[in-house]
Amino acid sequence: MPALSRTGGLFLWVPHVLVAVPFFLTGAAYALLVPAVAAVTFLIGHQGRRLTRCDDRGGIRGPVLAVLVAGTLLLELGLLLAVRLVVVPKPQVSFAKSLTAESLGAAWSVLLQPLLGLLAVIVLLRWAPRWVPPRHPPRQHPDRATHALRPPMSRGPKTASEAWSFSGLSTSAAKGAMPASRRRRRLAQHPALIMAVVAVPFLLPLLAGGGAALKFGPVATPEYGKVLLCGALAVLVARDSYRFRDVHLLRALRQIRQASGGMLRRPALVASYRTSRFLLLPVALFGVVAIASGLRHDFGTIVPAALVTMGVTWCATRHNLDSDRIGDEPAAPGVRLVVAYRLFIGVAVLLIGGAVTLFATDYVGERGRVWSDPWRFRWSSACAVVPATPELRAAVPANRVPCLRSLAADAESEESQVAQAISATADGGLWGRGLRDRVSGAVAAGPTDFVLAVVWNKLGGFVVIGVGLLVMVLAAGLVRAAEHSERLRLFAAGLGAMIVGQYLFVLATTANAIPHTGIPAPLLSRGGQSTLALLIGIAVVLAGARRSEPAVPAPRRVVSTTMLVGSLAGIVTVLTLVPYAAPGLGGLTGPRIYRQDRPLCPPRPAERSAMVTQPPDPKVCSTDRIALARTRIAVTFPGGGRLALDRTTGEWEPEHPEALSGLAGADLAGLTNVPGGPTGLIERTYPDLIGYSAGARLSRRLLPPERDRVDGGLALTLDPGLQHVLAGTVSGPEPAAVVVLDPADGRVLASAGGPGSGKPPKVNRRQAERFGREHRHYVRPGPDGRVDDSAADPACVRRSRDGAGQRECWRWSYTVPEPAGSDRALGQAYPFDGAADLVLRAAEAEGRDPGEQAELLGLGVGDCGGPDRWTVPRLAGSVASCLPDPPGRDGSRGTPLAFAVIAGAVAADGRAVHPGLVDGVTHPATGGTEAVPDRPAVTAFSPGTAERLRASFQPGDGLRRYTTEAGNCHWTAGYAESGTVAFAVVVETPDRAAADARTRRTLAALSTWIGGR
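Residues numbered from 1 in each chain as written. Predicted model: local features only at pLDDT ≥ 70, side-chain atom pairs only at ≥ 80, totals over all residues. Heavy atoms only, no water.

Definition in use: UniProt positions are given in the numbering used here, feature names are shortened, and annotations may be inferred rather than shown by experiment.
An unreviewed UniProt entry annotates the protein chain as Probable peptidoglycan glycosyltransferase FtsW of Actinoplanes regularis. As recorded by UniProt, the Function (unreviewed entry) comment attached to the protein chain reads in full: "Peptidoglycan polymerase that is essential for cell division." Per UniProt, the protein chain carries the Subcellular location (unreviewed entry) text "Membrane".

1. Brief notes about the packing of aromatic side chains
Definition in use: Pairing of aromatic rings covers Phe, Tyr and the six-membered ring of Trp, with a centre-to-centre limit of 6.5 Å; geometry is then stacked below 30 degrees between planes, edge-to-face above 60, and tilted otherwise. Type-normalised accessible area, obtained with a 1.4 Å probe on protein chains alone, sets the label of each residue: buried when under 20%, exposed when over 50%, and partly exposed for intermediate values. By definition, being over a ring means that NZ of Lys or CZ of Arg is both within 6 Å of the ring centre and within 35 degrees of the ring normal.
One pass over the structure, following the stated rule, counts 10 aromatic pairs. Between Phe-953 and Tyr-962, the ring centres sit 5.3 Å apart and the planes meet at 35°, which makes this aromatic pair tilted. Comparing Phe-953 with Tyr-962, the two get one shared label, buried. Against the face of Trp-810 rests Arg-608, its NZ or CZ located 4.8 Å from the ring centre.

2. Notes on the pairing of strand β8 (residues 736–741)
Applicable threshold: In this text, helices come from DSSP runs of H or I with a minimum length of four residues, and strands from runs of E with a minimum of two, each type numbered from the N-terminal end. We call two strands paired when DSSP finds no fewer than two bridges between them.
Most of β8 is tucked away: six of the six residues are buried. Burial along β8 is two-sided: Ala-736, Val-738 and Val-740 facing one way and Ala-737, Val-739 and Leu-741 facing the other are all buried. Judged from the six bridges that link them, β8 and strand β22 (residues 982–988) form a sheet pairing that is antiparallel. Paired with Val-739 across the strands is Ala-984, a residue of β22. One ladder, built from six bridges, connects β8 with strand β9 (residues 748–754); its direction is antiparallel.

3. Looking at the pattern of salt bridges
As a reminder of what qualifies: Within this document, salt bridges are pairs made up of a side-chain nitrogen of Lys or Arg and a carboxyl oxygen of Asp or Glu, the two lying within 4 Å of each other.
Using the criterion set out here, one finds 24 salt bridges in the structure. Salt-bridge contacts for Arg-378 lead to Glu-412; the nearest nitrogen and oxygen are separated by 3.5 Å. Here Glu-412 lies in helix α18 (residues 407–414) and Arg-378 lies in the loop between α16 (362–372) and α17 (390–395), a separation of 34 residues in the sequence. For the pair Arg-378 and Glu-412, one class covers both residues: buried. Close ionic contact of Arg-604 with Glu-412 constitutes a salt bridge, the shortest N to O distance being 2.1 Å. Of this pair, Arg-604 sits in the loop between β3 (592–593) and α25 (625–630) while Glu-412 sits in helix α18, placing them 192 residues apart in sequence.

4. Section: empty space enclosed by the protein
Any empty space left between atoms is shown by rolling a water-sized probe over those atoms. As a reminder, the rule being used: Cavity and pocket criteria rest on a 1 Å grid covering protein atoms alone: a 1.4 Å probe that fits but cannot get out defines a cavity, protein on both sides within 12 Å along at least 5 of 7 lines defines an open pocket, and an atom within 4 Å of a point defines a lining residue. Grid points are joined across faces, edges and corners, and a volume is the space filled by probe spheres set on the points. Three categories are distinguished: nonpolar for Ala, Val, Leu, Ile, Met, Phe, Trp, Tyr, Cys and Pro, charged for Asp, Glu, Lys and Arg, and polar for the others, with Gly belonging to the last.
Summed over the entire model, instances satisfying the criterion amount to 10 cavities of 30 Å³ or more. Within this model, the largest cavity holds a volume of roughly 160 Å³. Along the walls of the largest cavity sit 15 residues, with Ile-44, Leu-68, Leu-118, Ile-538 and Leu-542 positioned nearest its centre. Counting only elements with at least two residues in the lining of the largest cavity, the list comes to α3 (34–51), α4 (62–87), α6 (101–127) and α23 (528–543). Counting residues per element, the lining of the largest cavity draws most heavily on α4, which supplies five residues. Grouping the amino acids of the lining of the largest cavity by side-chain chemistry returns 11 nonpolar, four polar and no charged. The space that makes up the second largest cavity amounts to roughly 110 Å³.

5. Looking at α6
Rules: A helix is expected to span 1.5 Å multiplied by its residue count minus one. In this analysis the local bend is the angle between axes fitted, respectively, to the seven residues ending at and the seven residues starting at the residue.
If you check α6, its first and last C-alpha atoms are 37 Å apart, about what 27 residues at 1.5 Å a residue would give, namely 39 Å. Largest kink in α6: about 40°, centred on Leu-112, with the proline Pro-114 one to four residues after it. Within α6, burial applies to Ser-103, Ala-106, Ala-107, Val-110, Leu-111, Pro-114, Leu-115, Gly-117, Leu-118, Val-121, Ile-122 and Arg-126.

6. Considering unusual backbone geometry
Along the chain, Asp-885 connects to Pro-886 via a cis peptide bond; the corresponding omega equals 5°. Considering the arrangement of structural elements, one finds Pro-886 in the loop between β13 (882–883) and β14 (893–894). In this structure, Asp-909 takes a positive phi of about 60° despite not being glycine. Its relative accessible area of 38% is what places Asp-909 among the partly exposed residues. Its identity as a non-glycine residue notwithstanding, Asp-957 has a phi of 55°, on the positive side. Along the chain, Asp-957 turns up in the loop between β19 (954–956) and β20 (959–966).

7. Focus: the state of the cysteines
The line we're drawing: Two cysteine sulfurs form what is called a disulfide whenever their separation falls within 2.5 Å.
Inspection of every chain in the model, using the stated rule, returns three disulfides. Between the sulfur atoms of Cys-383 and its disulfide partner Cys-403 the distance amounts to 1.8 Å. Across the disulfide from Cys-383 to Cys-403, rotation about the S-S bond amounts to roughly 95°, and the bridge is consequently right-handed. Within this pair, whereas Cys-383 is found in the loop between α16 and α17, its partner Cys-403 is found in strand β1 (residues 401–406), the two being separated by 20 residues in sequence. Using a relative accessible area of 10% as the deciding quantity, one classes Cys-383 as buried. Residue class for Cys-403 comes out buried when judged on its relative accessible area of 0%. Cys-601 shares a disulfide with Cys-621; S-S distance 1.9 Å. Negative torsions about the S-S bond denote left-handed disulfides, and the value of about 95° found for Cys-601 with Cys-621 makes this one right-handed. Here Cys-601 is found in the loop between β3 and α25, whereas its partner Cys-621 is found in the loop between β3 and α25, with 20 residues between them in sequence. By relative accessible area, which is 5% here, Cys-601 ends up buried. By relative accessible area, which is 9% here, Cys-621 ends up buried.

8. Points about the sheet that holds strand β6 (residues 651–655)
The cut-off we apply is this: All axes are obtained by fitting lines to C-alpha atoms, using only the stretch in contact for helices, and the reported angles, taken between N-to-C directions, cover 0 to 180 degrees.
With mixed pairing, six strands are arranged side by side in an open sheet as β6-β5-β4-β7-β16-β17. Every other strand in the sheet has two partners, leaving β6 and β17 (929–931) as the edge strands with one partner each. Adjacent strand axes in the sheet meet at a mean angle of 25° when their direction is disregarded. Relative to strand β7 (residues 712–716), strand β4 (residues 633–636) runs parallel, the two sharing four bridges.

9. Some details on the environment of Leu-897
Along the chain, Leu-897 falls in helix α33 (residues 896–907). C-alpha of Leu-897 to C-alpha of Val-739: the two residues are 158 residues apart in sequence and 5.7 Å apart in space.

10. Some details on the sheet that holds β9
Filter applied, for reference: Note on contacts: a residue pair qualifies if any of its non-hydrogen atoms lie within 4.5 Å across the two residues.
Spatial strand order, β9-β8-β22-β21-β20-β19: six strands in an open sheet with antiparallel pairing. The open sheet has two free edges, formed respectively by β9 and β19, since each of these has just one partner strand. Strand-to-strand twist of the sheet, defined as the mean angle between neighbouring strand axes without regard to direction, takes the value 20°. Docked against the sheet, helix α29 (residues 720–730) engages β8 and β9, running at close to 25° with respect to β9.

Here it is as structure tokens:
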């Protein structure tokens, strides 16, 4: 290796810069923290390099450098992910707003705690007296003079006869007094004492938090217990490491029985224990950890403990088989290694099965049900607004209303975590969506259990493979760096096996290849103490790796790199090609693959009866709401401008603003959905289009993401400049609305109303916390149907194998009240006396029945509920305009749109048009655009009648106006003298002066627009 890579630090700071640059270039609020994180991790690597230098020139060995580079890179990536996901989870906010009490507390736990702890450990290891393992002189093989030097790990008998003779039955062994120092050393290494010490950190949480506790006070003791288990196993296995080879244990036990004359005699028992303790002690130690974890109902520590046990014993077996080779004898093949390891594998499988049986509770049953088919669960649950007592209404936070939450619906929502993780990976594809992307939303448990899903979604599948390779380099470097010491090598092998195993385990759970168990990804998941525990283990290995030359030949790799890389690439490939799959083993139905173009499953309605319905059928519909969020829907306007729906906020964001003349999503309030306001007419009219999910298509998973891609949408007739100006003029404290259309073809040029509902205020934090403490239990309703959740109900269990009984359990919560009102221009009818007068006068002039004349102008007679049938297309949520039956002035009601149609007919010599708001529809399923068919205009009255009616319209500023009042509604309708537009303005207020002022502002803006057209 070049001297620069060993001493100059180039291999340390260059990779750190490359990892930090993408986070810094996002320009988000957390970008200011990126240089600090990169600098601190580089400083840690630099201190580690000084700690592990092996000569006066500061050079370090290659494996040590590999550990430093891979470890610090993984640490830096994990810390940057914690900054992005935990400290500053909203990249769009400013840096000042991101510095809240919650973010500072998160920064302490996920950033400062592991960094300061690691720096303290490094300083301690550097300045404290260090014990350097002595060199063992090379020992000649007793039988083969030409055999290669055998390492200390290989000392001991090889055959079964040697095993029982070596274990204590031989009578020729010299016996003498044991020195006191040796007795103390043997006492410290006594198996019972070691097991007791290892069990302590796993049992301590029971004293603090009950059955499911993970911490003892502020300390997550099980995380440090994993590293302690690794060291304990290294001590126990090193004592009998020579036995980890192809030894027939049963044959050795039979020979002991024959030599002693019976197995129940003390010499036979002692010999049997010494012969089999190489197997019994590691298995017993793992059993202690499994039982302690079982008492805490924590399956997340059993798997790492099993990985450590397998790694230490596998390393011992592999090293012995390699050292048994003579000369150029080929290395031990995989089959021989498995055969030599078969006994330990069999016992380990039985113990793991027993540990799983210990966890055969509702928790495991629920995880198995989710693993069988994760696509059966809805992602969100609603809250049903129901009548509540005055005391409860007074207890909810301000600007909120009480509602009931269902345990069945909430449990189903929590069980969708795996589906959300798979959907996030499918959405990210091979190339990722970028660190600033917010479309996928916050993946459940993204900073912890499913951090790899977040990495995949933001950075892509290739980065997941690259991170996996770094993990493997770290594990291999740990074993190579510790090659000079038997115990240190075993400790490094166990630590490396836990790191690699946990990464592959988390990746497999992300792909739903195995059930989700809550195990974090090493050095990547949020968890300052788990990261610190791993870093302490790595520092211990590096501190013991200061020897410049190994005392024994370098061991061969512990496991096949090809197998690990193949597993990593295989998981990424399968999940990229087939994201919508389910093992289907829980119901014995076999694996299933669902179509990616399924329609979206409808969400639960916020009704009490709908909250307890059965989960959807994944064959019929998809629960992937990330694919829905990624399906881009836009409304386009003449001139090329458009507004795209941002599903994360529910707002319509402008694109190509130069063609929109300042138009924003708020200018379409009522027509489209605005946060805090009622559902827009467009969403009501085209629910299948707005709510369509294009699915995670294979082409999008394989290719880099497209910019400004639109899957479907609507082409609106609105003029963006006019809509923006009029939306500003009608806004105010009094309700008002304006509609402008083209009397020649009926195209609606503007439709605006005000005031809007606005976003609901944020909930009071203290009130919310108090309400949550008082109403945190799910209970069954009492005999009178009331829900009293002040005390827990033992029948309402959160973890359930089949969800039985959860549908009867409820608790109180709160939600935002349903916004009142509708679109003021098309969805609200006002007193209509002036327009009715024009209709009656036209009917009298034409000699028609007033009802017939009203229908020719798009008005109904009598009860005219429902949407306006005159528009093209019919807009759901709009209201019809009508005259009373029999027709007359009093009791008539109508919309500004209907009045504008009447004014347009007067301007066009009696020709009434069908108004239209939508020109075309682009379907996201096919990408094809379908034009909305026109309806022919209707001759409502003759030109002569139109001329007589025009006499009622007063000229001014290029407009002819017809002004009337009906109650508190002040109307002004008319048309441009050029005949290009017709309009209607209504202001609802008892203050006539205020109404006139609003009307003048609106008509002045309209006149200016007409003049500049």
